[in-house]
Amino acid sequence: MNDQQVLFTNDICEALEEITTKIQHDKLFVLFDLTTIRFCMPVITPFLNKYEESHSGQRIHQIVIETSDQAKNIDSLTEVWNALSSNGATRHSLLINIGGGMITDLGGFAAATFKRGIKFINVATTLLGAVDAAVGGKTGINLGNLKNEIGAFAPASAVLISTKFFETLNHDNLISGYAEMIKHGLLSDKQHLFDLLNYDIQHWDNETLLPLLEYSVNVKRKVVRQDPYEQGLRKALNLGHTFGHAFETWCMQTNKPILHGYAVAWGMVCELIMSQQQVGFPSDTLYEIANFVRDNYGPLQFNCGDYDAFIELMKHDKKNEGDEINFTLMSAIGVPTLNHSANKEQISIVLDIYRDLMGI
Ligand code: GLY
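Residues numbered from 1 in each chain as written. Predicted model: local features only at pLDDT ≥ 70, side-chain atom pairs only at ≥ 80, totals over all residues. Heavy atoms only, no water.

1. Re the nonpolar core
The following threshold applies: Working definition of a nonpolar core: buried Ala, Val, Leu, Ile, Met, Phe, Trp, Tyr and Cys residues. They are joined through side-chain atoms within 4.5 Å. The buried label applies to any residue whose accessible area, calculated with a 1.4 Å probe on protein chains only, is under 20% of its type's maximum; exposed applies above 50%, and partly exposed to all values in between. Counting from the N terminus, the helices are the DSSP runs of H or I reaching at least four residues and the strands are the DSSP runs of E reaching at least two. When checking whether two residues touch, look at their non-hydrogen atoms; a contact exists if any pair is within 4.5 Å.
Counting residues in hydrophobic clusters, the biggest one holds 123 residues, and the most contacted among them are Tyr-178, Ile-182, Phe-243, Phe-247, Tyr-297 and Ile-347. Counting residues per element, this core draws most heavily on helix H10 (residues 260–279), which supplies eleven residues. Beyond its immediate chain neighbours, meaning those up to four positions away, Phe-243 contacts Gly-267, Cys-270, Glu-271, Met-274, Met-314, Phe-327, Ile-347, Val-350 and Leu-351.

In structure tokens form, the structure reads like this:
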């Protein structure tokens, strides 16, 4: 997989102009969801107008699909394919995906499959999307309740990240993205993790966030460069996600949906407890992360009667091989250890300790 060009910019129109000039194409399509068309259209309108003027009035085709992860499905995908097809897209057309992870995953997959693949650009509009989904070439859709069950590896020709878009995000969505940054901090080095834990996420501003964000995205890029198709090292990016996905699905099934990053934050605490028990992750760092998560995300409330439900959900995680539940653990900051498994008793002990650390 080619290394992706990632541009951090606050002049999104200039960046789009530069990239669309570099990438040869015949027609240009832009994919939004109902939220991003409302909030992001004003930001990119000067680019759209200038493009149409400089291409002898050639129309840019806008495609708009529903917002929400539930709409990341075959029906929305078909809408995108149909819009491309009925507006004369060819193998040389270019698609710009403007949105969070739902749009960049679905739009990337639409582009990867339309006429066996057209080029696409991701413009990340959420912190979670910028730090994770938009970068790294994973594209796909959900199949019923199964998240990202259908998909392909297909890198965007370019990824644009602008903190300008984050101005319209609420605090919960910002700290949801920040959880993936903490994950990258754990996977990188002590100094970066320290900077993240000491950043005042209750009162942040985009200017001071930017260097942390750039560093964080580069942690992911470095991993993806070494293992683009997740044969080994890329599994490190799943830290926090085995417990996290179980928490996320359980909350959805019990009608208390939570944001992905919250689930990852709680999942990371559990997987660091398991890391401390199985591979000697330092206790002081575990307590620092647990305190940070408790103070900023609050605890996920559950009791020991819920453990079996979590374990059942973990058994169906698609990262598993055979009957074993697969965990990414850490033996130290920057040292992931892959492909660990744990039995019911070990998982229950982790959940007991989690409840202690979170004070529930
Ligand atoms: N979200 C994890 C990865 O891209 O591998």
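2. Details of the site of the ligand
Selection rule: Throughout, near means a residue has at least one heavy atom within 4 Å of the molecule or strand. Distance and chemistry together define a polar contact, namely a pair of N or O atoms within 3.5 Å, with one atom able to donate a hydrogen and the other to accept it when in protein, and with adjacent residues in sequence counting only for side-chain atoms on both sides. Method for areas: the Shrake-Rupley scheme with a 1.4 Å probe, in which residue coverage is limited to the protein chains shown.
Within the structure, the ligand sits among Asp-132, Lys-138, Lys-220, Glu-230, Arg-234 and Leu-237. At 3.0 Å, a side-chain N or O of Asp-132 approaches a nitrogen atom of the ligand. A distance of 2.9 Å separates an oxygen atom of the ligand from a polar atom in the side chain of Lys-138. Bound to the protein, the ligand loses 88% of the 190 Å² it would expose on its own.

3. Examining helix H13 (residues 344–358)
Applicable threshold: Every helix has an expected span of 1.5 Å times one less than the residues it contains.
In this model, H13 (15 residues) spans 21 Å end to end at C-alpha, consistent with the 21 Å of a helix rising 1.5 Å per residue. Those residues of H13 not exposed but buried are Ile-347, Ser-348, Val-350, Leu-351, Tyr-354, Arg-355, Leu-357 and Met-358. Check the buried side of H13 and you find it contacts helix H9 (241–253), H10, helix H11 (283–297), helix H12 (307–315) and strand S9 (327–332). The N-cap of H13, judged by a side-chain oxygen 3.2 Å from the amide nitrogen of Glu-345 a few residues on, is Asn-343. Downstream of H13 by one or two residues, Gly-359 has phi in the positive range, about 70°.

4. Section: the sheet that holds strand S1 (residues 5–8)
Definition in use: At least two DSSP bridges between two strands are needed for those strands to be called paired. Under this scheme, a helix contributes an axis fitted over its contacting stretch, all axes are lines through C-alpha atoms, and angles between N-to-C directions fall in the 0 to 180 degree range.
Here we have six strands laid out as an open sheet, ordered S1-S8-S5-S4-S2-S3, and parallel in their pairing. The open sheet has two free edges, formed respectively by S1 and strand S3 (61–65), since each of these has just one partner strand. Along the sheet, successive strands turn relative to each other by an average axial angle of 20°, direction set aside. Sheet topology note: the strand S2 (residues 28–33)/strand S4 (residues 94–99) ladder contains four bridges and is parallel. Residue pairing across strands places Val-30 opposite Ile-96, the latter belonging to S4. Relative to the sheet, helix H2 (residues 34–54) contacts S2, S3 and S4, its axis offset from that of S2 by approximately 160°. Where helix H4 (residues 101–113) meets the sheet, it contacts S2, S3, S4 and strand S5 (119–124), and its direction lies at approximately 165° from that of S4.

5. Let's talk about unusual backbone geometry
Not every positive phi belongs to a glycine, and Ser-56 is a case in point at roughly 50°. Tracing the chain through its elements places Ser-56 in the loop between H2 and S3.

6. Section: the pairing of strand S6 (residues 138–143)
Here S6 runs beside strand S7 (residues 146–153); their pairing, made up of five bridges, is antiparallel. For Ile-141, the partnering residue across the bridge sits in S7 and is Ile-150. Counted between consecutive antiparallel strands, the loop separating S6 from S7 contains two residues, among which Gly-144 sits at a positive phi close to 60°.

7. Some remarks on the packing of helix H3 (residues 74–86) against H4
For clarity, the threshold we go by: If an angle is under 35 degrees, it is roughly parallel; if it is over 145, roughly antiparallel; if it lies from 65 to 115, roughly perpendicular; otherwise it is oblique. The hand of a helix crossing depends on one turn: near helix anticlockwise from the far one by less than a right angle means left-handed, and clockwise means right-handed. Throughout this entry, Asp, Glu, Lys and Arg are counted as charged residues, while Ala, Val, Leu, Ile, Met, Phe, Trp, Tyr, Cys and Pro are counted as nonpolar. The remaining residues, Gly among them, count as polar.
Between H3 and H4, whose axes approach to 10 Å, the crossing angle comes to 50°. When the axis of H3 is compared with that of H4, the two are oblique. Between H3 and H4 lies a crossing of right-handed hand. Facing H3, whose interface residues are Ser-76, Leu-77, Val-80 and Trp-81, H4 presents Leu-106, Phe-109, Ala-110 and Thr-113. Classifying every residue of the contact of H3 with H4 by side-chain character gives six nonpolar, two polar and no charged.

8. Some thoughts on a nonpolar patch on the surface
Convention followed: Two distance rules govern patches: like charges are joined within 9 Å, and nonpolar side chains (Val, Leu, Ile, Met, Phe, Trp, Tyr) within 5 Å, applied only to residues with over 30% relative accessible area and no salt bridge. Note on definitions: salt bridges are taken to be side-chain nitrogens of Lys or Arg within 4 Å of carboxyl oxygens of Asp or Glu.
A cluster of nonpolar residues, Met-1, Phe-153 and Tyr-229, forms a patch on the protein surface that exposes about 260 Å² of accessible area. Counting through the fold element by element, Met-1 comes out in the segment before S1.

9. Side note on the packing of aromatic side chains
Put simply, the rule reads: Only rings of Phe, Tyr and Trp enter the pairing, Trp through its six-membered ring, and a pair is recorded when the two centres are within 6.5 Å. The plane angle decides the type: under 30 degrees is stacked, over 60 is edge-to-face, the rest tilted.
Scanning all chains against the criterion turns up 17 aromatic pairs. Aromatic pair Phe-47 and Tyr-51: ring centres 5.9 Å apart, planes at 55°, arrangement tilted. Of this pair, Phe-47 and Tyr-51 are both found in helix H2, four residues apart, which corresponds to roughly one turn of the helix. On the basis of relative accessible area, Phe-47 is assigned to the buried category, the value being 3%. Where Phe-247 meets Phe-310, the ring centres are 5.0 Å apart and the plane angle is 80°; that geometry is what we call edge-to-face. Placement of the pair is Phe-247 in helix H9 and Phe-310 in helix H12, with a sequence separation of 63 residues. Overall, Phe-247 belongs to the buried group, its relative accessible area being 0%. Clustering of aromatic rings is evident, with ring pairs tying together Phe-243, Phe-247, Trp-250, Phe-302, Tyr-307, Phe-310, Phe-327 and Tyr-354.

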